[in-house]
Amino acid sequence: MTKIIHKKFGERELTIYLPEGYEESSDRYPVIYVQDNGNLVDPENSDSLSIIRNLTAKGELPAFLFVGIKPFDRNNEYTPFVSTNVFESGEKKFGGQAAQYAAYLAHELKPYIDSRYRTLQEGEHTGIMGFSFGGLISLYTALLYPDVFGKIGSFSGSFWFPGIVDWVDQQPAHSHGQRLFMNVGHGEGAGRTNGQQWMVPNNLAVYELLLCKGFTTLSAKQIIFESDSHNFEKGVYYLPEALKWLYVTA
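Residues numbered from 1 in each chain as written. Predicted model: local features only at pLDDT ≥ 70, side-chain atom pairs only at ≥ 80, totals over all residues. Heavy atoms only, no water.

Colleague: So what's going on with the nonpolar core? Which residues, and what values?
Modeller: Grouped together as the largest cluster of nonpolar side chains are 54 residues, with contacts concentrated most on Ile16, Val67, Leu109, Ile113 and Phe149. Breaking this core down by element, the ones donating at least two residues are strand 2 (12–18), strand 3 (31–34), strand 4 (65–69), helix 4 (98–116), helix 5 (133–144), helix 6 (164–170), strand 9 (179–185) and helix 7 (199–211). If one sorts the elements of this core by residue count, helix 4 sits on top with nine residues. Of all hydrophobic cores here, the second largest spans 26 residues; its members include Ile32, Phe181, Phe225 and Ala242. (Core = buried A, V, L, I, M, F, W, Y, C linked by side-chain atoms within 4.5 Å. Buried < 20%, exposed > 50% of the residue type's maximum accessible area, 1.4 Å probe, protein only. Helix = DSSP H or I, 4+ residues; strand = E, 2+ residues; numbered from the N terminus.)

What follows is the structure in structure tokens.
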């Protein structure tokens, strides 16, 4: 059975999912940092973790150590720029603190995890993933720190967010050997008038831009699935497939 550890690093709450047999072995493991307190692998949200562990037992996936990171305020930490908050009326803003949060992940949290758990520390073994704004901040962080985070998972990433397509376009071309999996429902944002109508077009635009920045169809994969809404269950369904693409596919 997977051992789940709840702990704090400073004021930040973490949920750590140790791989099967961790305490009985001396092996080192790839680490995947998951936004929103690890919701992609939380057994209360989906059965993705049990599917992944079964695939590991069958030798189809490596054993992973997952680190779930609870945000203080996701509307601030997961957004790259200050912008009008489309979810709340009044003067409430998206805080645009993504750069500080990304630096925290790369320079504080990862060294902390590496110092306390038997991890494979190189970027090629280190993943970062999330759903919605979690997918946005995961790709943003990985592009800022390509040598730290080599595997990227964006599930229904909120690339409708104002300015993010231009930001990706402004990033220099690179060849860091990163691998990327991203998906989005074909009808996400349909009927919206608050900017979210750009959900699918901007996901497509970001993917195409990344193919001009050093990624190729051999290192980056995008799936458009059937869904007329922003749906966690449908997005996370692809997590096992994403892990195979990121860590197993040559």
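From this point, things continue past the structure.
Colleague: Tell me about helix 2 (residues 48–57), residues and numbers included.
Modeller: Here helix 2 has its buried residues at Ser48, Leu49, Ile52, Arg53 and Leu55. Projection of helix 2 onto a plane perpendicular to its axis shows the buried side chains occupying an angular sector of 160°, all on one side. Within helix 2, the exposed residues directed more than 90 degrees away from the buried face are Asn54 and Ala57. Structurally, helix 2 contributes buried residues whose contacts are with strand 2, strand 4, helix 8 (232–236) and helix 9 (239–247). (Arc of directions from axis to C-beta. Contact = heavy atoms within 4.5 Å.)

Colleague: Explain the packing of helix 4 against helix 5 to me, and be specific about the residues and the numbers.
Modeller: Closest axis-to-axis distance for the helix 4/helix 5 pair is 10 Å, and the angle between their directions is 65°. Here helix 4 is positioned roughly perpendicular relative to helix 5, judged by the angle of their axes. Along this stretch, helix 4 crosses helix 5, giving a crossing that reads as right-handed. Contacts between helix 4 and helix 5 involve Ala98, Ala99, Tyr101, Ala102 and Leu105 from the first element and Ile137, Tyr140, Thr141 and Leu144 from the second. (Axes fitted to C-alpha atoms, helices over the stretch in contact; angles between N-to-C directions. Parallel < 35°, antiparallel > 145°, perpendicular 65-115°, else oblique. Left-handed = near helix turned anticlockwise from the far one by under 90°.)

Colleague: Please give an account of the sheet that holds strand 10 (residues 220–225) that cites residues and values.
Modeller: A sheet is described by the order of its strands in space; here eight strands give the open sequence 1-2-4-3-7-8-9-10, paired in mixed fashion. The open sheet has two edge strands, strand 1 (3–9) and strand 10, and neither has a second partner. Each strand axis lies, on average, 15° off the axis of its neighbour in the sheet, ignoring direction. Its contacts with the sheet put helix 7 on strand 9 and strand 10, and the angle it makes with strand 9 is roughly 160°. Helix 9 contacts strand 3, strand 4, strand 7 (126–131), strand 8 (151–155), strand 9 and strand 10 of the sheet and is inclined by roughly 155° relative to strand 9. (Pairing = 2+ DSSP bridges.)

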